[in-house]
Amino acid sequence: MQEKVYEVPADWAKRAYVDEARYNEMYEASIRDPEAFWDEHGRRIDWFTPYEKVKNVSYAPGEVSIRWFEDGVTNVAYNCIDRHLETRGDQTAIIWEGDDPSESRLITYRELHDEVCRFANVLRNRGVEKGDRVTIYMPMIPEAAFAMLACARLGAIHSVVFGGFSPDSLAGRIEDCASKVVITADEGLRGGRKVPLKANVDAAIAKVGGVDHVVVVRRTGADVAMEPGRDVWYHEAAALVTSECPCEPMEAEDPLFILYTSGSTGKPKGVLHTTGGYLVYASMTHQYVFDYHDGDIFWCTADVGWVTGHSYILYGPLANGATTLMFEGVPNYPDNSRFWRVIDKHQVNIFYTAPTAIRALMQAGDEPVKKTSRTSLRLLGSVGEPINPEAWEWYYRVVGDGRCPIVDTWWQTETGGILISPLPGAIALKPGSATRPFFGIRPEIVDAEGKVLEGATEGNLCIADSWPGQMRTVYGDHQRFMDTYFSTYPGKYFTGDGCRRDADGYYWITGRVDDVINVSGHRMGTAEVESALVAHAKVSEAAVVGYPHDIKGQGIYAYVTLMAGVEPTEELRKELVQWVRKEIGPIASPDLVQFAPNLPKTRSGKIMRRILRKIAEDEFSNLGDTSTLADPSVVDDLIHNRQNKR
Ligand code: 6R9
């Protein structure tokens, strides 16, 4: 089949910050002399004390250390707010669109300043200081942004926990970073449904303790329990403070935030990002990848609970003085035209969403899209998982009316910002390919032994050198950081993704090569779902794998061995799905549960996931070598009782 290529439109090459020649020139310069390149671009943010040292990085086994701009002093909130006040105080910083289409709010940079200062003062009055950890468990309301920026202003480290996580998951995250303060809302509102955030916080704290203050923002007005001395309504506390609060001077390597993410083993890791390098990288990628120009309206549909929300709803856009749209709702409420109506309502120019949303909306047909105008759109973006060419084409043709380039941006919580993506004025597009590396990024494809493969090839994706937005450590566990990312291929950062490079030097991400699955763009460790399942009294053993799913990208397939004497019933199947929902959160609900009296194991007792994956994928003819199984007949039973997909 001939590969489709969409050339850079002539007007894009002219208008964009970089065309192809400039991209090549800048990319080469960034690789030839990273120090000089980042010395220049690090100054795109304002520094209280300018840096003299640019890069101080070691990937050496056992002593991985990553420092950028280390003698510089700055503050992220200052860069996202204060430095814009003189020139764009009256410009809209945040457009908030509520779950209910009749609700929206515009917040100027000056208002943002006042709101963030108030929030910071409320936190300061509760003893929050530089270096303290603050957990934020909020719906997509402006106060979530105010709270994050208030932490940045004070130098406190925020840990945002996605509002869809269960009390147990929240508890684990509060405990891991020892947050004494939690910020939440009475309830969240998504697709017309209420989410009991405050009640979840109460349940989490009952489990782990250690929290001195809970600041509660009123969203729905629900009647929630308030514990005297611990809980305070934000609007009451905010009425008592001023709208002035100085920015704490922060060293470039002082932490900015922790964000928990799933890996192949163990509990979620606290990915730690620091101040200077993160902001330089988030703002620079936002400007160049989305070709953001003054006055553009930028909409990233992610939740602030994920890294995409951190870097491309908040920090990147605001550092650039952009107008960023924050959406509380979901793509299909009140109907399947919602995204496109919001684009028309707020005249959005740049729209950034996830393949799972595109695939779901594609199933609803063209009509909900076509009845809206979308003439304001200029650029489309995709993130979170590989986008299949069919969904790419639909996004391009139907949503973008064939006028808007698509930037398929590959990156991770760990990378802080986009690493591989087209620049719309510079790089011809191939549907399904994240195309070329951003400035300063050195992708390498290696084989299982770590040999670097050249030319057109396929293997595991590593990054050979550091970039300013890279995570610095796993909070509280630097050894785990080194083991997870720098030990498989010593001297390189290992991404956990598989990747193909074609003859044109384009990168095609093929998905995770570890035990991480990507369900609707949400990262999940199969081990987390397994440990939730085995925590159920009737489950003796569980093995979880991903399988191809039309809308979610991957679905969750759970093989469950029950305790002796327990009857495998339909009811129990449903109960187990509910159980996982409750233990981790709705995003982790297994799509299919197969009761398996035995799991395929090696003689040493290791579960052979390769075989379970193949069965879940319906690839029975291609099971590979099963001769090392302790009991090969187990496989026939598994195939015979496999769960149906539709
Ligand atoms: C930003 C974000 C990271 C994992 C990553 C990869 C997958 C993300 C992708 C993509 C193909 C893209 N991924 N973007 N795969 N093409 N454009 O999603 O961070 O939640 O940490 O997930 O998502 O597998 O390793 P995170």
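Conventions used here
Residues numbered from 1 in each chain as written. Predicted model: local features only at pLDDT ≥ 70, side-chain atom pairs only at ≥ 80, totals over all residues. Heavy atoms only, no water. Near = heavy atom within 4 Å. Polar contact = N/O pair within 3.5 Å; in protein donor to acceptor, adjacent residues only side chain to side chain. Areas by Shrake-Rupley, 256 points an atom, 1.4 Å probe, with all protein chains shown as cover. Helix = DSSP H or I, 4+ residues; strand = E, 2+ residues; numbered from the N terminus. Nonpolar A, V, L, I, M, F, W, Y, C, P; charged D, E, K, R; others polar. Core = buried A, V, L, I, M, F, W, Y, C linked by side-chain atoms within 4.5 Å. Buried < 20%, exposed > 50% of the residue type's maximum accessible area, 1.4 Å probe, protein only. Contact = heavy atoms within 4.5 Å. UniProt positions renumbered as here; feature names shortened; annotations may be inferred. Pairing = 2+ DSSP bridges. pLDDT = per-residue confidence, 0-100. Salt bridge = Lys/Arg side-chain N within 4 Å of Asp/Glu carboxyl O. Axes fitted to C-alpha atoms, helices over the stretch in contact; angles between N-to-C directions.

## Some points on the site of the ligand
Then, in step 1: Lining the immediate surroundings of the ligand are 17 residues, of which Asp408, Thr409, Thr413, Asp497 and Arg523 lie closest.
Then, in step 2: The side chain of Asp497 places a nitrogen or oxygen atom 2.6 Å from an oxygen atom of the ligand.
Then, in step 3: The separation between an oxygen atom of the ligand and a polar side-chain atom of Arg523 is 2.8 Å.
Then, in step 4: Contact with the protein chains removes 96% of the 530 Å² of surface that the ligand exposes when unbound.
Then, in step 5: Put simply, the parts of the chain that give the shell around the ligand at least two residues each are helix 12 (307-319) and strand 26 (507-512).
Then, in step 6: A breakdown of the residues in the shell around the ligand according to their chemical character gives 6 nonpolar, 6 polar and 5 charged.

## Thoughts on the nonpolar core
Then, in step 1: With 167 residues, the main nonpolar core has Leu112, Phe119, Leu123, Phe290, Tyr315 and Phe439 as its most contacted residues.
Then, in step 2: When residues in this core are grouped by element, the largest group, 10 residues, is from helix 7 (residues 142-154).
Then, in step 3: Dropping the residues within four chain positions of it, Tyr315 is found in contact with Val76, Cys80, Met148, Leu149, Ala152, His158, Leu256, Phe257, Tyr278, Leu279 and His310.
Then, in step 4: Counting 29 residues, the second-largest nonpolar core is a separate cluster that includes Tyr6, Ile95, Leu377 and Val399.

## So, the UniProt feature "binding site: CoA" (unreviewed entry) in the protein chain
Then, in step 1: Mapped onto the present numbering, the UniProt feature "binding site: CoA" (unreviewed entry) falls on Arg190, Gly191, Gly192, Arg193, Thr308, Asn332, Ser520 and Arg581. Across 392 residues, the annotated set is spatially dispersed, with a maximum C-alpha separation of 23.9 Å.
Then, in step 2: Of the residues examined, Arg193 reaches a relative accessible area of 65% and is grouped as exposed.
Then, in step 3: Each residue touching Thr308, except ones within four places of it in the same chain, is listed here: Cys300, Ala302, Ile313, Tyr352, Val383 and Trp411.

## Regarding helix 12
Then, in step 1: Counting buried residues in helix 12 gives 13 out of 13 residues, a clear majority hidden from the surface.
Then, in step 2: Phi turns positive, to about 70 degrees, at Gly321, one or two residues after helix 12.

## Structural notes on unusual backbone geometry
Then, in step 1: Here the bond from Tyr333 into Pro334 is cis, since omega is -5 degrees, no more than 30 degrees from zero.
Then, in step 2: Phi angles above zero are rare outside glycine, and Arg374 is one such case at about 60 degrees.
Then, in step 3: You can see Arg374 is positioned in the loop between helix 15 (367-370) and strand 19 (379-382).
Then, in step 4: Residue Ser520 is not a glycine yet carries a positive backbone phi of 50 degrees.
Then, in step 5: Inspection of the secondary structure puts Ser520 in the loop between strand 27 (516-519) and strand 28 (522-525).
Then, in step 6: On the basis of relative accessible area, Ser520 is assigned to the partly exposed category, the value being 21%.

## Overview of the sheet that holds strand 22 (residues 452-453)
Think of a sheet as strands paired side by side through backbone hydrogen bonds, with each pair either parallel or antiparallel.
Then, in step 1: Pairing within the open sheet is antiparallel, and its 5 strands lie in the order 22-21-23-25-26. This sheet does not close on itself; its edge strands, each paired only once, are strand 22 and strand 26.
Then, in step 2: Across 2 bridges, strand 21 (residues 443-446) lies against strand 22 in antiparallel orientation. Considered in strand 22, the bridge of Val446 is made with Val452.

## Topic: the confidence of the model for the protein chain
Then, in step 1: When pLDDT is averaged along the protein chain, the result is 96; 99% of the residues meet or exceed 70.
Then, in step 2: Predicted as a complex, the structure gets a pTM of 0.95 and an ipTM equal to 1.00.

## Re the side chain of Glu393
Then, in step 1: With respect to the helices and strands, Glu393 occurs in helix 16 (residues 389-399).
Then, in step 2: Setting aside chain neighbours within four positions, we find Glu393 in contact with Lys4, Tyr6, Val398 and Pro431.

## Section: the UniProt feature "binding site: Mg(2+)" (unreviewed entry) in the protein chain
Then, in step 1: Those residues carrying the UniProt feature "binding site: Mg(2+)" (unreviewed entry) are Val534, His536 and Val539 in this numbering.
Then, in step 2: With respect to the helices and strands, Val534 occurs in helix 18 (residues 526-534).
Then, in step 3: Residue classification places Val534 among the partly exposed positions, given a relative accessible area of 38%.
Then, in step 4: Here Val534 is in contact with Val539, Ser540, Glu541 and Ala542, once residues within four sequence places are set aside.
Then, in step 5: Topologically, His536 is positioned in the loop between helix 18 and strand 29 (539-549).

## A closer look at the pattern of salt bridges
Then, in step 1: Overall, the coordinates contain 41 salt bridges when judged by the stated rule.
Then, in step 2: With a shortest N-O distance of 2.8 Å, Asp82 and Arg153 are connected by a salt bridge. One end of the pair, Asp82, is in the loop between helix 4 (76-80) and helix 5 (85-88); the other, Arg153, is in helix 7, with 71 residues separating them in the sequence. For the pair shown, Asp82 and Arg153 are each scored as buried.
Then, in step 3: When the shortest N-O distance is used, the salt bridge between Arg88 and Asp294 registers 3.0 Å. On the criterion of sequence distance, the pair formed by Arg88 in helix 5 and Asp294 in the loop between helix 11 (276-289) and strand 16 (297-300) is long-range, its members being 206 residues apart.
Then, in step 4: The class for Arg88 is buried, based on a relative accessible area of 16%.
Then, in step 5: Take Asp294: its relative accessible area is 57%, and that puts it in the exposed class.

## Things to note about the side chain of Asp465
Then, in step 1: By secondary structure assignment, the location of Asp465 is in the loop between strand 23 (457-463) and strand 24 (473-474).
Then, in step 2: Accessibility expressed as a relative area gives 17% for Asp465, which makes it buried.
Then, in step 3: Among the polar contacts made by the side chain of Asp465, one reaches the side chain of Lys55 at a distance of 2.8 Å.
Then, in step 4: When neighbours within four sequence positions are excluded, Asp465 is seen to be in contact with Pro34, Lys55, Tyr59 and Arg442.

## Regarding the sheet that holds strand 5 (residues 104-108)
Then, in step 1: Read from one edge of the open sheet, 7 strands run 5-4-17-16-18-19-20, paired in mixed fashion. Each end of this open sheet is capped by a strand with a single partner; those strands are strand 5 and strand 20 (406-408). Going from strand to strand, the sheet's axes swing by 20 degrees on average, the running direction of each strand aside.
Then, in step 2: Across 3 bridges, strand 16 lies against strand 18 (residues 350-353) in parallel orientation. Looking at the pairing, Phe298 lines up with Ile350 of strand 18.

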